[in-house]
Amino acid sequence: MTFSLVRAAGFFGFWLILTGLSLADLAVGILAALVAMRASLVLLPPGQWRPRPLLLLRMALRFLIQSVLAGLDVAWRALDPRLTMEPGFIVFQPRSPPGPARNAFCAITSLLPGTLPCEEDANGDLLIHCLVVSPDVAPQLASEEALFLQALGGRPDHG
Amino acid sequence: MTLALDLLTIVGVSAGCFFFVAGTVGLLRFPDALTRMHALTKADNLGLGLIVLGLLPQAAGLGHALKLVAIWLLAQVSAAVASQLIAGAVLRQRSAIWP
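Reading the values: the criteria
Residues numbered from 1 in each chain as written. Chains lettered and ligands numbered in written order. Predicted model: local features only at pLDDT ≥ 70, side-chain atom pairs only at ≥ 80, totals over all residues. Helix = DSSP H or I, 4+ residues; strand = E, 2+ residues; numbered from the N terminus. Rg over C-alpha atoms; globule rule 2.2 N^0.38 Å. Buried ≥ 20, exposed ≤ 12 C-beta atoms within 10 Å, placed from the backbone. Pairing = 2+ DSSP bridges. Axes fitted to C-alpha atoms, helices over the stretch in contact; angles between N-to-C directions. Contact = placed C-beta atoms within 7 Å. Domains from an automatic or database assignment. Nonpolar A, V, L, I, M, F, W, Y, C, P; charged D, E, K, R; others polar. Core = buried A, V, L, I, M, F, W, Y, C linked by C-beta atoms within 7 Å. Expected span 1.5 Å × (residues − 1). Parallel < 35°, antiparallel > 145°, perpendicular 65-115°, else oblique. Left-handed = near helix turned anticlockwise from the far one by under 90°. pLDDT = per-residue confidence, 0-100.

A word on the overall build of chain A
Then comes step 1: Along the backbone of chain A there are five helices and three strands.
Then comes step 2: For chain A, the succession of helices and strands along the chain, N to C, is α-α-α-β-α-β-β-α.
Then comes step 3: The C-alpha radius of gyration of chain A comes to 19 Å, more than 25% above the 15 Å expected for a compact globule of 159 residues.
Then comes step 4: Taking the principal axes of its C-alpha atoms as reference, chain A extends roughly 60 × 40 × 30 Å.
Then comes step 5: Per-residue burial for chain A yields a buried fraction of 22% across its 159 residues.

Focus on the sheet that holds strand β3 (residues 126–130) of chain A
Then comes step 1: Pairing is antiparallel in the open sheet, where three strands are placed in the order β1-β3-β2 (chain A). Looking at strand neighbours, the two that pair on one side only are β1 (88–92) and β2 (115–120) of chain A, the edges of this open sheet. Direction aside, the axes of adjacent strands within the sheet are offset by 30° on average.
Then comes step 2: Helix-sheet contacts for helix α4 (residues 100–111) of chain A involve β2 and β3 of chain A, and the interaxial angle to β2 of chain A is about 145°.
Then comes step 3: The strands that helix α3 (residues 62–97) of chain B touches are β2 and β3 of chain A; relative to β2 of chain A, the one it contacts most, it runs at about 60°.

Things to note about the domain arrangement of chain A
How big an interface is tends to be reported as the loss of accessible area on association of its parts.
Then comes step 1: Split by domain assignment, chain A resolves into domain 1 (2–43) and domain 2 (53–152).
Then comes step 2: The distance between the C-alpha centroids of domain 1 of chain A and domain 2 of chain A comes to 32 Å.

As for the interface of chain A and chain B
Then comes step 1: Facing the 25 residues of chain A at the interface are 28 residues of chain B.
Then comes step 2: Breaking the side of chain A that touches chain B down by element, the ones donating at least two residues are α1 (2–19), α3 (53–79), α4 and β2 of chain A.
Then comes step 3: Tallying contributions element by element places α3 of chain A first for the side of chain A that touches chain B, with eight residues.
Then comes step 4: By residue class, the composition of the side of chain A that touches chain B is 18 nonpolar, six polar and one charged.

Looking at the pairing of β2 of chain A
Residue and element names in this part refer to chain A.
Then comes step 1: Here five bridges tie β2 to β3, and the two strands are oriented antiparallel to one another. Bridge assignment links L116 to a residue of β3, and that residue is H129.
Then comes step 2: In this antiparallel pair of consecutive strands, β2 and β3, the connection spans five residues, and G124 shows a positive phi of 90°.

Digging into the nonpolar core
Then comes step 1: Core analysis: the largest hydrophobic core is formed by 34 residues, its most contacted members being V74, A75, L116 and F148 of chain A together with F19, A39 and A43 of chain B.
Then comes step 2: Within the residue set of this core, elements represented by two or more residues are α3, α4, β2, β3 and α5 (137–152) of chain A together with α1 (2–29), α2 (33–55) and α3 of chain B.
Then comes step 3: Ranked by residues supplied to this core, first place goes to α2 of chain B with nine residues.
Then comes step 4: For F19 of chain B, the residues in contact, after removing those within four places along its chain, are G71 and A75 of chain A together with A43, L46, G47 and L50 of chain B.

Considerations on α1 of chain A
Then comes step 1: Compared with an ideal rise of 1.5 Å per residue, which puts 18 residues at 26 Å, α1 of chain A spans 25 Å between its outermost C-alpha atoms and is within 8% of the ideal.
Then comes step 2: Residue G20 of chain A follows α1 of chain A closely and has a positive phi angle near 85°.

Some remarks on the packing of α1 of chain A against helix α2 (residues 26–43) of chain A
All names here are of chain A.
Then comes step 1: Between α1 and α2, whose axes approach to 8 Å, the crossing angle comes to 130°. The orientation of α1 relative to α2 falls into the category oblique. Of the two possible hands of crossing, α1 and α2 adopt the one that is right-handed. Of α2, the residues touching α1 (which contributes S4, R7, A8, F11, F12, W15, L16 and T19) are G29, I30, A32, A33, L34, A36, M37, S40 and L41.

A look at unusual backbone geometry
Then comes step 1: Not every positive phi belongs to a glycine, and L83 of chain A is a case in point at roughly 50°.
Then comes step 2: Relative to the assigned elements, L83 of chain A resides in the loop between α3 and β1.

Regarding the environment of D125 of chain A
Residue and element names in this part refer to chain A.
Then comes step 1: When you line up the elements, D125 lands in the loop between β2 and β3.
Then comes step 2: Between the C-alpha atom of D125 and that of Q93, which follows or precedes it by 32 residues, the distance is 4.8 Å.
Then comes step 3: Apart from residues lying up to four places away in sequence, D125 is in contact with V91, F92 and Q93.

Regarding the confidence of the model for chain A
Then comes step 1: Averaged over every residue, the pLDDT of chain A is 88; residues scoring 70 or more account for 96%.
Then comes step 2: Looking over chain A, one finds the lowest element-wise mean pLDDT in α1 of chain A, namely 89, and the highest in β3 of chain A, namely 93.

Put into structure tokens, the structure is as follows:
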């Protein structure tokens, strides 16, 4: 119950940021926050993960730096007259469980330099498109994923 | 102080525009749909981030500043999700044409 209320309060806060504080709209905002809370409980049931705030913060900082590098990398390639790239695919075996955790990892991967997850095959392996195919990509993704799972705190024995 | 903040705005917004232009150049120059997705998502995200960073000093208050950051976060999440969906669609279309 407390957990649901915290989520609802979070959604209401987000709604306030987006629409601004206005008494006339409060009822709609509260309703929207309750609906969002209900949906979030179905999509992301509580108790699966025990996020570690410090590790999450470290991951967020790392992600911010990586996404700056990703933008620089792609801008450099686009403006370089030689257009240097060796595009291709790698197959990556994710350790994150299927569902929200893996989706979040894919979203992060798509904003890292040079990688874009395209498909998940029947075995659960990810087909990842790379701007430059190299043997380093898979180990790099594995270490990103390990950090991600550690920050989520769901599987201390594996993460 | 105002001058410094205005300078930050000018530098941030100009740098942001540069990355949008670079992303567009990538969209035109990169060889196929998948490489173009890299150009669009990554360069535009950095561009929007820099523009938001540049606009923060001009925000009317904390509420407006948070709204700018929220816009950037929402655009980042939608770019991350949409690029994967488009990449998946491109692959399915390819395998339909060349099985």
